[in-house]
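Geometric and topological summary
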Amino acid sequence: MIIPAFFIADMSTTEFIKSLYQNNDLAKREIDLIICHVLGINTAALFIYAKDISQSQQHNILNFIQQRNDGKPLAYITGFKEFWTLNLKVNQYTLIPRPETEQIVELMLQWTDNKFTGTLLDLGTGTGAIALSIAQQRPNAKITATDISHECIKVAQYNQHKYSLTNINIFQSNWFESIGNDKFNYIISNPPYIAENNKHLKHLKHEPVTALIAQENGLADLFHIIQQAKKHLNNHGTILLEHGFNQHKEIQEYLNQNCYYNIKTHKDLAGISRITTAQYEIPNLN
Ligand SMILES: C[S@@+](CC[C@H](N)C(=O)[O-])C[C@H]1O[C@@H](n2cnc3c(N)ncnc32)[C@H](O)[C@@H]1O
């Protein structure tokens, strides 16, 4: 950030905003979002209310722009992230929902219609992004969403109340531990899947490691979910898992070893293998 704070006192609001656009590398939209966050308005109102920004607001804007220039994700500054049709609260305890995860929601909407009355479990829900998006689009579905983190549960429940969604139950659980004997038509998860030694982790230093890292080269949680889901899927129920771009072969193999069928990996728009789905038939023991 180039503008020294002591210059602010001599600037009009218009000069201040102009200097923000001119004097740093952030995209104009990001600067607008930071200004709106400090003023407590939405971007549509920016040019009505941004005529008179107080000095303390200007200092806050500069401070947030500095944090953004230092690499803090915009969502952790504004406290919100858009996902599917929702604008979700996020904080330092939650992963910022990624656009590529929207593909899980897309698949679910393709496979069900709006009369769908079945059950769905979202494991490791974070902000509630996947579960809440489906809950909104499939109002008769019965959805359960869990996370090991109490802080994530508070955020997901905040987002649930923000959108008045009553067809979803959100609570704390270490994977399936607090699910009891419940069974579901769909079990969905975007679990931690990054290996501890992955070089990209240094770019994710603001996000909670519990949301990112898994043992066994990133596969431990995925394998645990695949194994345990067999006890919690209805007959011919479906599992949908998000995973790393190079993990689909090992996941397919593990699903196969665990007697799942109809195993498919779905690529995202960039052609990257991102989601694997499969079904499970409960063995007939008679
Ligand atoms: C990659 S994040 C995904 C968050 C969210 N579903 C999304 O797609 O934006 C993984 C989530 O799994 C949760 N998690 C990690 N270990 C867990 C466990 N043992 N049981 C339940 N949830 C867990 C983390 O707290 C985190 O919210």
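Residues numbered from 1 in each chain as written. Predicted model: local features only at pLDDT ≥ 70, side-chain atom pairs only at ≥ 80, totals over all residues. Heavy atoms only, no water.

1. Side note on the overall build of the chain
- The secondary structure content of the chain amounts to 10 helices and nine strands.
- Each of the 286 residues in the chain was classed as buried or not, and the buried ones make up 51%.
- For the chain, restricting intrachain contacts to residue pairs at least 6 apart in sequence, the fraction spanning at least 24 positions comes to 64%.
- Entry remark: accessible area of the chain is about 14600 Å², with carbon and sulfur atoms responsible for 50%.
- Taking the average place of the 24 positive charges on the side chains of the chain and the average place of its 26 negative ones, the gap between the two points comes to 3 Å. (Helix = DSSP H or I, 4+ residues; strand = E, 2+ residues; numbered from the N terminus. Buried < 20%, exposed > 50% of the residue type's maximum accessible area, 1.4 Å probe, protein only. Contact = heavy atoms within 4.5 Å. Areas by Shrake-Rupley, 256 points an atom, 1.4 Å probe, with all protein chains shown as cover. Lys, Arg positive; Asp, Glu negative; His and termini not counted. Charge placed at Lys NZ, Arg CZ, Asp CG, Glu CD.)

2. Looking at the site of the ligand
- Near the ligand there are 18 residues, and of these Gly124, Asp147, Asn174, Trp175 and Asn190 occur at the shortest range.
- Between the ligand and the protein, one listed contact pairs an oxygen atom with a side-chain N or O atom of Asp147 at 2.6 Å.
- Here Asn190 contributes a side-chain N or O atom positioned 2.9 Å from an oxygen atom of the ligand.
- Expressed as a share of its isolated accessible area of 590 Å², the protein-covered part of the ligand is 95%.
- In a pocket analysis with a 2 Å cut-off to the grid points, the ligand is assigned to the largest pocket. (Near = heavy atom within 4 Å. Polar contact = N/O pair within 3.5 Å; in protein donor to acceptor, adjacent residues only side chain to side chain. 1 Å grid on protein atoms, 1.4 Å probe; cavity = no way out; pocket = protein on both sides within 12 Å on 5 of 7 lines; lining within 4 Å. Sits in = over half its atoms within 2 Å of the grid points.)

3. With respect to the packing of aromatic side chains
- Under the criterion given, the structure shown has four aromatic pairs.
- Geometrically, the ring pair formed by Phe116 and Tyr186 is edge-to-face, given 5.8 Å between the ring centres and 70° between the ring planes. Taken as a pair, Phe116 in the loop between helix H6 (102–111) and strand E3 (119–123) and Tyr186 in strand E6 (residues 184–189) lie far apart in primary sequence, 70 residues in all.
- Ring geometry for Phe223 against Tyr254: centres 4.0 Å apart, planes inclined by 10°, an arrangement best described as stacked. Of this pair, Phe223 sits in helix H9 (residues 220–229) while Tyr254 sits in helix H10 (residues 248–257); the two residues are 31 residues apart in sequence, bridging distant segments of the chain.
- When its relative accessible area of 19% is taken as the criterion, Tyr254 is described as buried.
- Grouped by ring-pair contacts, the aromatic residues Trp111, Phe116 and Tyr186 constitute a single cluster. (Phe/Tyr/Trp six-rings, centres within 6.5 Å; stacked < 30°, edge-to-face > 60°.)

4. Some details on the side chain of His232
- Inspection of the secondary structure assignment puts His232 in the loop between H9 and strand E7 (233–242).
- The residues contacting His232, other than those within four sequence positions of it, are Phe176, Ile179, Gly180, Asn181, Asp182, Lys183, Phe184 and Ile187.

5. Some details on the pairing of strand E2 (residues 86–89)
- Side-chain alternation along E2 places Leu86 and Leu88 on a buried face and Asn87 and Lys89 on a face that remains uncovered.
- Sheet topology places strand E1 (residues 80–83) next to E2; four bridges connect them, and they run antiparallel. Within E2, the position partnered with Glu82 by the bridge is Asn87.
- Counting the residues that bridge the hairpin from E1 to E2 gives two residues, and of these Trp84 lies at a positive phi of roughly 50°. (Pairing = 2+ DSSP bridges.)

6. Considering the layout of surface pockets
- The space that makes up the largest pocket amounts to roughly 1100 Å³.
- Among the residues making up the lining of the largest pocket, the classes are represented as 22 nonpolar, 17 polar and eight charged.
- Size it by volume and the second largest pocket reaches roughly 560 Å³.
- Surrounding the second largest pocket, 19 residues form its lining, Leu33, Thr78, Phe80, Glu82 and Asn87 being those nearest its centre.
- Among the secondary structure elements, those contributing two or more residues to the lining of the second largest pocket are helix H2 (28–39), helix H5 (74–78) and E1.
- Ranked by residues supplied to the lining of the second largest pocket, first place goes to H2 with five residues.
- The residue inventory of the lining of the second largest pocket, partitioned by class, reads eight nonpolar, six polar and five charged.
- Looking at which domains feed residues into the lining of the second largest pocket, each of domain 1 (5–70) and domain 2 (78–280) supplies at least three. (Points joined across faces, edges and corners; volume = space filled by probe spheres on them. Nonpolar A, V, L, I, M, F, W, Y, C, P; charged D, E, K, R; others polar. Domains from an automatic or database assignment.)

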